[in-house]
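# Report on the structure
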Amino acid sequence: MKKFLIKMIFVLLLLLVFPGSLFIFNSYVDTFNIFHWRNIRFTDAEPNKNFIKTKYVISNPKKFNAFVLGSSRSGMLLPDCLPKTLNGKELHWYNLAYSEGVPAENLETIKALLNGKVDVSFVIVSFDCLMMHLNNEAHKTQLLRLSYPQYKKNPLGFYKNYFINIPAKTIASQVLHYKPENHMISTEIFYKYGVNSADMGLSTELDDERYKPSIFEYTMTDSWKSLKEICDFCKEKGIKIVLFTSPVYESNYRYAAAHGYLDMLGKIGRQCEFYNFSGLNKISTDRKYYFEASHYRPVVGLMLEKMIFSDDEAEKERTRREVALSEEYKELFGIKVTPENVDSVVEKLKKQFREFDK
């Protein structure tokens, strides 16, 4: 009997100690940087930027008052040519972009910032053909994308997901050998503005595989309606908002244009104003401006900022002429789409697509 009790106690201790040790190890390696949001580590695993960035801003409510939102493509917008002031108020920008960010989640983020006593004076929101087919409900079970509002609603349930996540050996090894001094610049940029790279170069490794289209079953979601909700909410709260389309590489654009993307732009334009960078031009058809078929490089982001925010109309016209594949379609790059001109813009995009269809 005594030996049996000793064995039972030993088993119980193992059951208690082993899970505890596993939880400690998992939270230390912290694949998605949930437990290290104040000082993230850059490994081969992408951090959960949806949670980390929102948590960071709300924990520093006086630090920023202007925000870039959207998918990871918005992460290519650097602060260089963003507005410096709004109605005499100095603007302090932070880039809240994260992987597959969708409009419904962007609206949740804006509301979370306001609830966290953050001054939200100006927001820029991008959208594109890849983002608009995504269902944000799927993100609620993805460790890479669990949101700050989910954390606020159920902190224990939120953290439980990460406590029981066993990291890959490669990530564990990178963390165990991590040297912060080797990542000082990336860390500084991330907490100053929200990105971890300011590479203004062009692509030189142009492997065909990287530029093939991302093939989706294009059952278009109602995400476009969420853009209208964002616009209405910002207007109600007195927040300046700018929407624009991210220019994906031509392979993705062509696939999307053939599966309803241009009609979706029509739906958006009848509800909200936005700046259009979708289409076929010397940017979207040149691989050197893209990391791969989805993400343009920061040098393009700088061009987009100038087209939206610069007062130099002559420079904008020069850019349109330099970018256009033909004079007829030069106005499509950076045109402000409104309910009044949306139908003509969409028709011209469709005509361009037919004319330059491969």
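Structure's up top.
The present account deals with the structure reproduced in this document. (Residues numbered from 1 in each chain as written. Predicted model: local features only at pLDDT ≥ 70, side-chain atom pairs only at ≥ 80, totals over all residues. Heavy atoms only, no water.)

### A look at the environment of Glu90
- For Glu90, the position within the fold is in strand E3 (residues 89-90).
- Residue Glu90 is classed as exposed on the basis of its relative accessible area, which comes to 53%.
- Along the sequence, Glu90 and Asn65 sit 25 residues apart, while their C-alpha atoms lie 8.8 Å from each other.
- Residue contacts for Glu90: discarding those within four places in its chain leaves Asn65, Lys84 and Thr85. (Helix = DSSP H or I, 4+ residues; strand = E, 2+ residues; numbered from the N terminus. Buried < 20%, exposed > 50% of the residue type's maximum accessible area, 1.4 Å probe, protein only. Contact = heavy atoms within 4.5 Å.)

### Details of unusual backbone geometry
- Look at Asn87: it is not a glycine, yet its phi comes out positive at around 55 degrees.
- Secondary-structure assignment places Asn87 in the loop between strand E2 (85-86) and E3.
- One non-glycine residue, Glu100, lies in positive phi territory at about 60 degrees.
- Note on placement: Glu100 falls in the loop between strand E4 (93-95) and helix H3 (103-115).

### What to know about the packing of aromatic side chains
- Scanning all chains against the criterion turns up 26 aromatic pairs.
- Aromatic pair Phe35 and Phe163: ring centres 5.1 Å apart, planes at 35 degrees, arrangement tilted. Taken together, the residues Phe35 in the loop between helix H1 (2-29) and helix H2 (49-59) and Phe163 in helix H6 (residues 155-163) connect sequence positions 128 residues apart.
- Phe35 sits in the partly exposed class, given a relative accessible area of 26%.
- Seen in terms of ring centroids, Phe127 and Phe274 are 5.4 Å apart; in terms of plane orientation they differ by 75 degrees. Their pairing is edge-to-face. In this pair, Phe127 sits in strand E5 (residues 122-127) while Phe274 sits in strand E7 (residues 274-276), placing the two residues 147 residues apart along the sequence. Considered together, Phe127 and Phe274 belong to a single accessibility category, that of buried residues.
- Grouped by ring-pair contacts, the aromatic residues Phe32, Phe35, Phe51, Tyr148, Tyr151, Phe158, Tyr159, Tyr162 and Phe163 constitute a single cluster. (Phe/Tyr/Trp six-rings, centres within 6.5 Å; stacked < 30°, edge-to-face > 60°.)

### A short note on the environment of Ile52
- Of note, Ile52 is situated in helix H2.
- The exposure class of Ile52 is buried, given its relative accessible area of 0%.
- As a C-alpha pair, Ile52 and Tyr148 span 96 residues in sequence and 7.9 Å in three-dimensional space.
- For Ile52, the contacting residues outside a window of four places in its chain are Phe32, Asn33, Trp37, Ile40, Pro47 and Phe190.

### Overview of helix H7 (residues 169-176)
- Three or more residues of H7 are buried, namely Ile171, Ala172 and Val175. Burial along H7 is one-sided: seen end-on, the buried residues are contained in an arc of 100 degrees. (Arc of directions from axis to C-beta.)

### Some words on the pattern of salt bridges
- Across all of its chains, the model carries 20 salt bridges by this definition.
- For the salt bridge of Asp119 with Lys89, the shortest nitrogen-to-oxygen distance reads 3.1 Å. Linking Asp119 in the loop between H3 and E5 with Lys89 in strand E3, this pair joins segments that are 30 residues apart in sequence.
- A relative accessible area of 35% means that Asp119 is categorised as partly exposed.
- Several salt bridges converge on common partners, so that one network encompasses Glu317, Arg321, Glu327 and Lys330. (Salt bridge = Lys/Arg side-chain N within 4 Å of Asp/Glu carboxyl O.)

### Looking at the nonpolar core
- By size, the foremost hydrophobic cluster in this structure holds 69 residues, and its most contacted members are Phe67, Val123, Phe127 and Leu265.
- Residues Ala66, Phe277, Tyr290 and Phe333 belong to the second largest nonpolar core, which totals 30 residues. (Core = buried A, V, L, I, M, F, W, Y, C linked by side-chain atoms within 4.5 Å.)

### Comments concerning helix H10 (residues 250-257)
- Counting buried positions along H10 gives 8 out of 8 residues, so the element sits mostly inside the fold.
- All buried positions along H10 are accounted for by Glu250, Ser251, Asn252, Tyr253, Arg254, Tyr255, Ala256 and Ala257.
- Of the surrounding elements, those touching the buried residues of H10 are helix H11 (261-269) and helix H14 (342-355).

### Considerations on the pairing of E5
- With 6 of 6 residues buried, E5 is to be regarded as a mostly interior element.
- Residues Phe122, Ile124 and Ser126 point to one face of E5 and Val123, Val125 and Phe127 to the other, with burial holding for every one of them.
- Taken together, the 4 bridges between strand E1 (residues 66-69) and E5 define a ladder with parallel strand orientation. By the bridge assignment, Ala66 is partnered in E5 with Phe122.
- With 6 bridges connecting them, E5 and strand E6 (residues 240-245) associate as parallel partners. For Ile124, the partnering residue across the bridge sits in E6 and is Val242. (Pairing = 2+ DSSP bridges.)

### Thoughts on the side chain of Ser27
- If you trace the backbone, Ser27 turns up in helix H1.
- For Ser27, a relative accessible area of 17% gives the class buried.
- Excluding anything up to four places from it in sequence, Ser27 contacts Phe35, His36 and Phe163.

### Regarding the environment of Glu292
- One can find Glu292 in the loop between E7 and helix H12 (298-309).
- A relative accessible area of 24% places Glu292 in the partly exposed class.
- Distance from Glu292 to Asn39, taken between C-alpha atoms, is 29 Å for residues 253 residues apart in sequence.
- Within the structure, Glu292 has its side chain in polar contact with the backbone nitrogen of Ser294 (distance 2.8 Å).
- Engagement of the side chain of Glu292 in a polar contact is seen with the side chain of His295, the distance being 2.6 Å. (Polar contact = N/O pair within 3.5 Å; in protein donor to acceptor, adjacent residues only side chain to side chain.)

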